[in-house]
Amino acid sequence: MTRLTAAFFLGTSLALSAPAMAFDISAMTDDEKAAFGEAVRDYLMENPQVLIESINVLENRQAQDAAQTDLQLVEANSDALFDDGHSWVGGNPDGDLTMVEFIDYRCGVCRQFNAEVHDAVEEDGNIRLILKEFPILGEESVLSSRFAISVHQIAGDEAYEKAHDALMALRTPATDESLRGIAEEIGVDADAIMAHMDTDAVNMVLQKNHELGQTMAIQGTPTFVIGDQMLRGVPRAGVAQTIAQIRESM
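Chemist: I would appreciate a short explanation of the sheet that holds strand E1 (residues 88–91) in the present structure.
Modeler: Within a beta sheet, neighbouring strands are joined by backbone hydrogen bonds and run either parallel or antiparallel to one another. Spatially, five strands are ordered E1-E3-E2-E4-E5 in an open sheet, and the strand pairing comes out mixed. The open sheet terminates on both sides in strands that have one partner only, identified here as E1 and strand E5 (229–232). In this sheet, neighbouring strand axes are inclined to one another by 20 degrees on average, regardless of whether the strands run parallel or antiparallel. Where strand E2 (residues 97–103) and strand E3 (residues 127–133) come together, seven bridges link them in parallel fashion. Pairing of Thr98 across the sheet is with Arg128, part of E3. Relative to E3, helix H5 (residues 108–124) is tilted by about 155 degrees, and along the sheet it contacts E1, E2, E3 and strand E4 (223–226).

In structure tokens, the structure reads:
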């Protein structure tokens with residue numbers, strides 16, 4: 001083993017075990033640096049699995065750091081998440097586990113998993129479900145959320161739930177005409193709902209949810225908060241299985 005290759009192994013070992021003692025390449029001459037670089041290249045070409053192992057370690061560390069940051073974000077914003085006073089609360093309002101979902105009605109994934117979320121909440125029977133209107137996919141998203149919030153404020157929780165499911169199932173563009181049709185379908189006063197959509201009360205909800213999303217660095221939907229766990233996207237294990245795993249850790 002050459003002196004430079006030995007230095008590479010020593011430097012790598014020290015860097016992984018004690019960053020403060022990391023190998024100092026700046027102490028080398030230009031010729032030594034060039035030779036050292038070539039030695040590193042040769043080693044990695046002969047042992048490409050080292051790169052894969054290093055990437056895996058890096059990704060695991062980044063995931064752990066992100067999870068810790070998300071825990072802190074949930075704790076710091078618990079009131080806005082779990083008790084904002086304006087979001088719809090369904091499932092079991094007295095449940096022992098709260099699940100928050102940030103939604104956009106034009107989000108294909110939100111639509112795809114709407115039934116799965118509903119089934120998981122119903123099957124569990126002890127989940128307090130909170131829906132956060134978080135339109136980020138354009139004007140139709142905003143219009144849909146304005147409609148849903150208006151229904152909630154004018155006609156109450158049961159009407160909101162019906163409007164929510166109808167919007168998730170809507171496959172035509174969200175327009176004043178199609179939204180008025182939903183209002184009529186779910187049995188609420190369409191004129192009153194449409195007139196309320198651009199009021200300060202509706203604007204406040206959208207603004208508060210947008211501010212919360214920015215604070216928590218939410219960039220996509222759906223985003224879930226289940227208990228103290230934040231899940232950016234649909235959990236790989238599925239909604240019901242993830243709920244069960246979180247319950248086991250409580």
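Chemist: When you look at the environment of Phe147 in this model, what are you seeing that I'm missing?
Modeler: In this structure, Phe147 sits in helix H6 (residues 139–155). We classify Phe147 as buried; its relative accessible area is 0%. Put simply, Phe147 and Leu167 are 20 residues apart on the chain and 9.4 Å apart in space, counted from C-alpha to C-alpha.

Chemist: I'm lost on the environment of Lys132 in this one. Help?
Modeler: Structurally, the position occupied by Lys132 is in strand E3. The class for Lys132 is buried, based on a relative accessible area of 0%. Separated by 78 residues in the primary sequence, Lys132 and His210 place their C-alpha atoms 9.6 Å from one another.

Chemist: Would you take a moment to explain the packing of aromatic side chains for this structure?
Modeler: The way to describe two aromatic rings as a pair is by their centre distance and the angle between their planes. Under the counting rule described, the total for this entry stands at two aromatic pairs. Ring plane angle 85 degrees and centroid distance 5.6 Å describe the contact between Phe102 and Phe134, whose orientation is recorded as edge-to-face. In this pair, Phe102 is assigned in strand E2 and Phe134 in the loop between E3 and H6, connecting sequence segments 32 residues apart. When its relative accessible area of 5% is taken as the criterion, Phe134 is described as buried.

Chemist: Any chance you could explain helix H8 (residues 176–186) here in plain terms?
Modeler: Helical periodicity: at 3.6 residues per turn, an α-helix aligns residues three or four positions apart in one direction. Restricting attention to buried positions, one finds in H8 the residues Ser178, Leu179, Ile182, Ala183 and Ile186. Each buried residue of H8 lies within a common arc of 145 degrees when the element is viewed along its axis, so the set occupies one face. Turned more than 90 degrees away from the buried face of H8, the exposed residues are Glu177 and Glu184. On its buried face, H8 sits against H6, helix H7 (157–169) and helix H9 (190–196). Looking one or two residues beyond H8, the residue adopting positive phi is Gly187, at roughly 80 degrees.

Procedures and definitions
Residues numbered from 1 in each chain as written. Predicted model: local features only at pLDDT ≥ 70, side-chain atom pairs only at ≥ 80, totals over all residues. Heavy atoms only, no water. Pairing = 2+ DSSP bridges. Helix = DSSP H or I, 4+ residues; strand = E, 2+ residues; numbered from the N terminus. Axes fitted to C-alpha atoms, helices over the stretch in contact; angles between N-to-C directions. Contact = heavy atoms within 4.5 Å. Buried < 20%, exposed > 50% of the residue type's maximum accessible area, 1.4 Å probe, protein only. Phe/Tyr/Trp six-rings, centres within 6.5 Å; stacked < 30°, edge-to-face > 60°. Arc of directions from axis to C-beta.

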